[in-house]
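# Observations on chain architecture
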Amino acid sequence: MEGDISKALTYQVKKEIAERYFGTRRMIEQDIASLKKIIDRINDLYENRLGMAFVRIYSLLIDSDTIERFIKLIGWDEPPFYDQYVNESETIRKQLVHRLSSHGWMKKSRFANMVMDSYRILYREYLKISELEAEAREEIEIIRQELKIFKNKYSLDEIMSFVRNLDFEGQGLAKVMGGKVDVIDADKIAAKMDIGNIDDVEKGIPRIFPLPEPDKLEDELEELAESTYSRHRDIAASAVSMTDD
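Cut-offs and rules
- Residues numbered from 1 in each chain as written.
- Predicted model: local features only at pLDDT ≥ 70, side-chain atom pairs only at ≥ 80, totals over all residues.
- Heavy atoms only, no water.
- Core = buried A, V, L, I, M, F, W, Y, C linked by side-chain atoms within 4.5 Å.
- Buried < 20%, exposed > 50% of the residue type's maximum accessible area, 1.4 Å probe, protein only.
- Helix = DSSP H or I, 4+ residues; strand = E, 2+ residues; numbered from the N terminus.
- Contact = heavy atoms within 4.5 Å.
- Salt bridge = Lys/Arg side-chain N within 4 Å of Asp/Glu carboxyl O.
- Phe/Tyr/Trp six-rings, centres within 6.5 Å; stacked < 30°, edge-to-face > 60°.
- pLDDT = per-residue confidence, 0-100.

Our focus in this paragraph is the nonpolar core. Among the nonpolar cores identified, the biggest contains 56 residues, and Phe 54, Phe 70, Ile 74, Tyr 119 and Leu 122 are the most heavily contacted of them. For this core, the elements supplying multiple residues, two or more each, are helix H1 (2-61), helix H2 (64-74), helix H4 (90-97), helix H5 (107-153), helix H10 (218-231) and helix H11 (233-241). Counting residues per element, this core draws most heavily on H5, at 17 residues. When residues no more than four places from it in sequence are discounted, the contact partners of Ile 74 are Phe 54, Tyr 119, Pro 210, Leu 211, Pro 212 and Leu 217.

Dropping the structure here:
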């Protein structure tokens, strides 16, 4: 009788450990899933909003050498999202600039203001992404700590050894894992149970360099705009006329 009680107590303790293991694991998986959603949002903003803001500036600066000067000015290694065909398309240029407000007295000053306003738009999109990136990296550190505690607290080999011996038709693995599980799947489950690390998830965050505040680049951006206007007066003046006044 005492042996049966001892076995029953041991079984119950191990069962509770297994349930806590899988419960904690599910919580970490949920945290990782939430993190992936944040990173997906970052990539969406990066590709669609930040990318469009960069291309708008390229379409205004026109020449590749002027664009390279701009990229050096903001401290990036190379121009992201640059495509020569897109940059030379008047139709695409019109789509990118028509919602800008070209304020100023002369077309030359209005064009310079368009370049400056375009950079302000770029900087705003950058701030949105930076905020999300900071949130993502904070979540990454939290999950790393969760994984460290989880792996130190639980032995996967011991847990799987126990759940293989559970009563699969009663209070077995299916209940522990929260779903229908066939006994023959136990080994396959064991092979997939190690959470590992989140380095691969972190690699999904696009590499984004910091951008200088617009006020700090006002003189340099005006110089780039004036250089473009003097070299491509007709195209620049046409871009001014494409905007919403």
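Applying the stated criterion to the full structure yields 13 salt bridges. Note that Arg 69 and Glu 223 form a salt bridge whose closest N and O atoms lie 3.6 Å from each other. On the criterion of sequence distance, the pair formed by Arg 69 in helix H2 and Glu 223 in helix H10 is long-range, its members being 154 residues apart. Under the relative-accessibility criterion, Glu 223 is labelled partly exposed at 46%. Among the ionic pairs, Glu 133 bridges to Arg 137, the shortest N-O distance being 3.1 Å.

What follows covers the packing of aromatic side chains. With the rule as written, the count across this model stands at nine aromatic pairs. Between Phe 54 and Tyr 58 the ring centres are 6.0 Å apart and the planes differ by 35°, which places this aromatic pair in the tilted class. Linking Phe 54 with Tyr 58, this pair stays in helix H1, spanning four residues, or about one helical turn. For the pair shown, Phe 54 and Tyr 58 are each scored as buried. Among the aromatic residues, ring-to-ring pairing joins Tyr 46, Phe 54, Tyr 58, Trp 76, Phe 81, Tyr 82 and Phe 209 into one connected group.

Looking now at unusual backbone geometry. When glycine is set aside, most residues are seen to have a negative phi, and most peptide bonds are trans. Here the phi dihedral of Ile 62 falls at roughly 70°; this positive angle occurs in a residue that is not glycine. Mapped onto the elements of the fold, Ile 62 is located in the loop between H1 and H2. According to the relative accessible area criterion, Ile 62 is buried, its value standing at 14%. Even without being glycine, Phe 81 reaches a positive phi, approximately 65°. Judged by relative accessible area, which is 26%, Phe 81 ranks as partly exposed.

All right, on to the environment of Met 242 then. Structurally, Met 242 can be placed in the segment after H11. Separated by 147 residues in sequence, Met 242 and Gln 95 have C-alpha atoms that sit 8.7 Å apart. When neighbours within four sequence positions are excluded, Met 242 is seen to be in contact with Glu 90, Arg 93, Lys 94, Val 97 and His 98.

In this model, the protein chain carries a mean pLDDT of 79, and residues with pLDDT of at least 70 account for 72%. Across the protein chain, element-level confidence peaks in H2 with a mean pLDDT of 94 and bottoms out in helix H7 (residues 173-177) with 50. Residue range residues 167-172 is modelled with pLDDT below 50. Its contacts to residues more than four positions away, or to other chains, number nine contacts. Below pLDDT 50 for its whole length, residues 180-184 participates in five contacts with residues either more than four positions away or in separate chains.

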